[in-house]
Amino acid sequence: MKKTNRRQFLKVAAAGAAILTTGKASASEAHRKVNNNTLSMLYDATKCVGCKACMAACKRVNGDYGSLAYEQASFDRDGLWDAPQDLSGSTRTLIKLFKESERDWSYVKYSCMHCQKPSCVSVCPVAAMTRDPETGIVDYNKNTCIGCRYCQVACAFNIPKFQWDRAIPQIVKCDLCKNTNLRQKGITACAEVCPAGAIMFGKRGDLLAEAQKRLAENPGKYLNHIYGEKEVGGANHLYLASMQFNKLGLPVLKDEAPAEFSEKIQHTIYKGFVAPVALYGTLCWIAVKNMRTHGPDEKDHHNDTDKQGGA
Amino acid sequence: MGHGEYQKHEAKIFTPSFIVLLVLTLIGFCLVALRFIKGIGAVSNMSDGYPWGIWITYDVATGTAIACGGYAMAILVYIRNRMHYHPMIRSAILTSMFGYGLAGFSVMVDVGRPWNAYNFFIPSQWQANSAMFEVALCVMAYTTVLAIEFLPAILTTLENTKWEMAQAIIAWLSPRIAPDKEALQHKLDFVRAGATWLKPRLDKVLIFIIVLGITLPTMHQSSLGSLLLIASTKLHPLWHTGFLPLLFLINCMYIGYSIAILESVISCYAFKRPFETKELSGLARIIPWLTVIWLSVVIGDLAWRGQLAKALSFDFYSRFFLLEFCLIAAGSFLLFSSRRRESIRWLFVSAALIVVGGALYRFNVYLIGFNPGKGWRYFPALAELMITVGIVAFEILGYQVIVKILPVLPRLHTRQQIDAAAETAQKA
Ligand code: SF4
Ligand code: SF4
Ligand code: SF4
């Protein structure tokens, strides 16, 4: 029994060591500062004219690669327009109009926030969601994704969408045109086509400075808040608007990334895999001891193996 | 370990309940086929706001807790050294095996791209930050462990059976297609010898596997709570707390003991065996201690986070919270009295209260307290429900059949018990 004990222990310890190394890498990642050299977009809702050119461009450019489709409106029998009602398994970005009164209204653009500490990356069990530390792009790989939809549960902005109506579904979300427009032209499709200059593309640091400049130069025009600067530990999609952001469907969020909180607890429990191994060791010791004390009468039972049937 | 403690239940396999369960199972499996042909949206009401519906909430998060009978009994027998409960363990392990195996099956129905699941075995894809990664690996490992723990029941049967069925088939076949009767006989002997060879060897290492079967649920049951830690903006503050892993762990333990009681009562009733009152009242003594710890953590945590007022506000969330809380508290209160613990009826009622309350807690965390934002709504579709019903039906069906072909239920020891059994059988 001793021998099996040791062999078993070594096996578990080896598995523990494997997880230890991956655990360490992620622990150091957690203390990463916000990286302002990553790629970003700044959307200025006061400049947006609601023409939806960005939506059309996104679908045109990423349609094949991202498996996007046109969405028909119920009144449009001939399928003349693409009319998504929300982000969906066929739509990566969307413009909406929020109208409080004739005077108070605002457009808003939805797409992935490319968080600095993304929840979706933290929760994906097979690393199908990844964040490139150089570019800051949060990308999705359908070739590893198992479709568990945990990223959807985790994302505070409800960005990742699932293709509910397909037999071979995938997650759909903005990837900053990483494999399409950005690679070919060095700029995202939506920023490239915007005729009103409402979408700016650039380094996060530069865009933050630009946003601050606009706030300083136009007192009263904007709400004094750059959405995405601090939310959930900082995002790479920044917003300026004249209307309260939560009215535009952008939730009020804390500065701490939810992923910091959950990973802290997960790491406390599984730090270096020590606790589970210790638990297993202790339990083995107790159980073996218990078995010993019961040795003799257990032996008796042994001779009397299962008789079939009985009563 | 004494295998002499178990026996087959001698009874017909094809009963009316067998047919009903079979029909439900078949309906469920047809709908599963539909899901794979037409997509998840065709059978379910899940949406981008509620990406996890009844399949994850019931089949996985709640179903595995209900399948924790094997885990709870193993702790009691091997760690707390109460060997006299050993006869109850095999049926507990069998239900756990079904519960976990089918939870794994539901996951494969639920996930959108199951063919990519092999990535769980590729170290470069491992993502130790993800509670789901941990849950997935542990559940797979634990299902294997349960199967090994159950192996002795199969091995003894292989070893001792007279192969009546197989013999009959051979006798029927031999003149027709397979004239080589000898060779077939030889193969059967070979299987039997293999079982005889494997059993003592398995017995030696079994304890280490059993302990693994205690460690793994401790890990993944707490991680089932950790899964929702990240949803800090979506899960209602009544349930979103850093103590989720601890609460889920204790929750699965008291559900485990309660379900062991329910199972024993129900199967004794259904199979017309005498009730195991003494063992059950012993089990019942443990439960209130666990629930009291659990309830104190819940209240202490709410007080500490300043949410007590919300808990008593009687709005939608508060009502569900209070319901869950009261069910568990009432069940435990009943079990504090030793007189009630001696009565099968009270044992049944209080264990049922605790299982329902404990399951409601998991529903609250995964569905009812989960609010992704304005405009999202979820209630399971009929087809979605029927898939879950089909899976549960299959579980009960499998249990019914297996206890009749393998030695699983506790052996009726004394003359008295046997007489009592005969009496109850006669009455019915
Ligand atoms: S917005 Fe959501 S999907 Fe996009 S990076 Fe952040 S967590 Fe991920
Ligand atoms: S659905 Fe895919 S990308 Fe999202 S968490 Fe699951 S495996 Fe990762
Ligand atoms: S960056 Fe590219 S993928 Fe993202 S919304 Fe704009 S066009 Fe679409």
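Remember, predicted model here, so these are calculated numbers, not experimental data.

J.: Outline the overall build of chain A, supporting the account with residue identities and numerical values.
T.: Summing up its helical and strand segments, chain A has 10 helices and 9 strands in all. A burial count over chain A gives 51% of its 311 residues as buried. In chain A, the share of contacts with a sequence separation of at least 24, taken over all contacts with a separation of at least 6, comes to 59%. Of the roughly 15200 Å² of accessible surface on chain A, a fraction of 55% belongs to carbon and sulfur atoms.

J.: Report on the site of ligand 2, specifying residues and quantitative values.
T.: Around ligand 2, a shell composed of 13 residues is seen, among which A:Cys124, A:Cys145, A:Cys148, A:Arg149 and A:Cys151 lie nearest. When grouped by side-chain class, the residues that make up the shell around ligand 2 number 11 nonpolar, 1 polar and 1 charged.

J.: Would you mind going over the packing of aromatic side chains in detail, with residue names and values included?
T.: Using the criterion set out here, one finds 27 aromatic pairs over all chains in the structure. For the pair A:Tyr43 and A:Tyr239, a centre-to-centre distance of 5.7 Å together with 70° between the ring planes defines the contact as edge-to-face. Highlighted residues: A:Tyr43 in strand β1 (residues 39–44) and A:Tyr239 in strand β9 (residues 237–240), separated in sequence by 196 residues. Classification of A:Tyr43 by relative accessible area gives buried; the value is 1%. Judged by relative accessible area, A:Tyr239 falls into the buried class, the value being 2%. When the centroid spacing of 6.0 Å and the interplanar angle of 55° are considered together, the rings of A:Phe75 and A:Trp81 count as tilted. Of the two residues, A:Phe75 and A:Trp81, neither departs from the other in class, the shared state being exposed. Joined through ring pairs, the aromatic side chains of A:Tyr150, B:Trp52, B:Phe248, B:Tyr254, B:Trp294, B:Tyr361 and B:Tyr366 make up one cluster. Residue placement shows B:Arg35 over the ring face of B:Phe36; its charged tip is 4.1 Å from the ring centre.

J.: Which residues make up the pattern of salt bridges, and what values do they have?
T.: Residues and elements named next belong to chain A. One pass over the full model with this rule turns up 14 salt bridges over all chains. Measuring nitrogen to oxygen at the nearest pair gives 3.2 Å for the salt bridge that ties Lys 117 to Glu 263. Within this pair, whereas Lys 117 is found in the loop between β3 (105–110) and α3 (119–123), its partner Glu 263 is found in helix α8 (residues 258–270), the two being separated by 146 residues in sequence. Between Arg 214 and Glu 210 there is a salt bridge; the shortest N-O distance is 2.9 Å.

J.: Let's hear about the interface of chain B and chain A: which residues, and what values?
T.: Taken together, the 83 residues of chain B in the interface contact 78 residues of chain A. Here chain B packs against chain A, burying approximately 6800 Å² in sum over the two surfaces, 60% of which is carbon and sulfur. Of all residues in chain B, the largest losses of buried area upon contact with chain A belong to B:Arg113, B:Phe208 and B:Ile230, amounting jointly to 13% of the total for that side. Of the charged contacts in the structure, one is a salt bridge between B:Asp110 and A:Arg149, with a shortest N-O distance of 2.9 Å. Along the contact surface separating chain B from chain A lie 36 residue pairs in polar contact (both at pLDDT 80 or more). Listed by contribution, the elements that provide at least two residues to the side of chain B that touches chain A are β1 (6–7), α1 (16–38), α3 (69–79), α4 (89–110), α5 (131–160) and α7 (181–226) of chain B. By residue number, the principal contributor to the side of chain B that touches chain A is α7(B), which donates 15 residues. Its residues assigned to classes, the side of chain B that touches chain A shows 42 nonpolar, 27 polar and 14 charged.

J.: Account for the pairing of β9(A), naming residues and giving values.
T.: Residues and elements named next belong to chain A. Because side chains alternate across β9, one face comprises the buried residues His 237 and Tyr 239, and the other comprises Leu 238 and Leu 240, equally buried. Pairing of β1 with β9, which is carried by 4 bridges, proceeds in the parallel orientation. For Leu 42, the partnering residue across the bridge sits in β9 and is Leu 238.

J.: So what's going on with the site of ligand 1? Residues and values would help.
T.: Neighbouring ligand 1 are 13 residues; A:Cys112, A:Met113, A:Cys115, A:Cys120 and A:Cys155 lie closest to it. Among the residues forming the shell around ligand 1, the class breakdown is 10 nonpolar, 2 polar and 1 charged.

J.: Could you give an account of the environment of A:Pro118, with specific residues and numbers?
T.: Residues and elements named next belong to chain A. Tracing the sequence through the fold places Pro 118 in the loop between β3 and α3. Distance in space between the C-alpha atoms of Pro 118 and Ile 159 is 11 Å, their sequence separation being 41 residues. Contacts of Pro 118, omitting those with residues within four sequence positions, involve Arg 131, Val 138 and Ala 259.

J.: An account of unusual backbone geometry is needed here, citing residue identities and associated values.
T.: Residues and elements named next belong to chain A. One non-glycine residue, Cys 177, adopts positive backbone phi at about 55°. One can find Cys 177 in the loop between β7 (171–172) and α5 (181–185). By relative accessible area, Cys 177 is classed as buried at 6%. The phi torsion at Val 232 lies on the positive side, around 40°, for a residue other than glycine. Looking at Val 232, the relative accessible area reads 5%, which means it is buried.

J.: Account for a nonpolar patch on the surface, with residues named and values stated.
T.: Residue and element names in this part refer to chain B. On the surface, a nonpolar cluster with roughly 330 Å² of combined accessible area is contributed by Ile 266, Trp 346, Phe 348 and Val 349. At 3 residues, the largest contribution of residues to the nonpolar patch is made by helix α13 (residues 344–368). Residue position: Phe 348 is located in helix α13.

J.: Any chance you could break down the sheet that holds β1(A) for me, citing the residues and the numbers?
T.: Residue and element names in this part refer to chain A. Overall, mixed pairing links the 3 strands, which are arranged β8-β1-β9 in an open sheet. Of all the strands in the sheet, the pair left with one neighbour each is β8 (199–203) and β9. Neighbouring strand axes in the sheet, compared pairwise and without regard to direction, differ in orientation by 20° on average. Contacts between helix α7 (residues 204–217) and the sheet are confined to β1, β8 and β9, with β8 contributing the most and set at about 135° to the helix.

J.: Which residues make up the nonpolar core, and what are the values?
T.: In terms of nonpolar packing, the biggest core is built from 161 residues, with A:Tyr150, B:Tyr78, B:Leu228, B:Leu283 and B:Tyr366 touching the most fellow members. Among the elements that line this core, the one with the most residues is helix α8 (residues 244–270) of chain B, at 15 residues. Counting contributing residues, this core receives three or more from each of domain 1 (26–256) and domain 2 (260–288) of chain A. Each residue touching B:Leu283, except ones within four places of it in the same chain, is listed here: B:Met73, B:Leu76, B:Tyr85, B:Met88, B:Tyr257, B:Ala260 and B:Ile261. Grouped together as the second largest cluster of nonpolar side chains are 43 residues, A:Ala57, A:Met113, A:Met243 and A:Leu248 included.

J.: Please set out the confidence of the model for chain A residue by residue, giving values where relevant.
T.: Residue and element names in this part refer to chain A. Residues of chain A with pLDDT of at least 70 account for 84%, and the chain-wide mean is 83. For residues 1–31, every residue scores under 50 in pLDDT, and the model assigns this stretch 21 contacts once sequence neighbours within four places are set aside. Between residues 296–311, whose pLDDT stays under 50, and residues either more than four places distant or in other chains, the model counts 34 contacts.

Cut-offs used in this document
Residues numbered from 1 in each chain as written. Chains lettered and ligands numbered in written order. Predicted model: local features only at pLDDT ≥ 70, side-chain atom pairs only at ≥ 80, totals over all residues. Heavy atoms only, no water. Helix = DSSP H or I, 4+ residues; strand = E, 2+ residues; numbered from the N terminus. Buried < 20%, exposed > 50% of the residue type's maximum accessible area, 1.4 Å probe, protein only. Contact = heavy atoms within 4.5 Å. Areas by Shrake-Rupley, 256 points an atom, 1.4 Å probe, with all protein chains shown as cover. Near = heavy atom within 4 Å. Nonpolar A, V, L, I, M, F, W, Y, C, P; charged D, E, K, R; others polar. Phe/Tyr/Trp six-rings, centres within 6.5 Å; stacked < 30°, edge-to-face > 60°. Lys NZ or Arg CZ within 6 Å of the ring centre and 35° of its normal. Salt bridge = Lys/Arg side-chain N within 4 Å of Asp/Glu carboxyl O. Buried area = accessible area lost by both parts, 1.4 Å probe. Polar contact = N/O pair within 3.5 Å; in protein donor to acceptor, adjacent residues only side chain to side chain. Pairing = 2+ DSSP bridges. Patch = residues over 30% accessible without salt bridge, like charges linked within 9 Å, V, L, I, M, F, W, Y side chains within 5 Å. Axes fitted to C-alpha atoms, helices over the stretch in contact; angles between N-to-C directions. Core = buried A, V, L, I, M, F, W, Y, C linked by side-chain atoms within 4.5 Å. Domains from an automatic or database assignment. pLDDT = per-residue confidence, 0-100.

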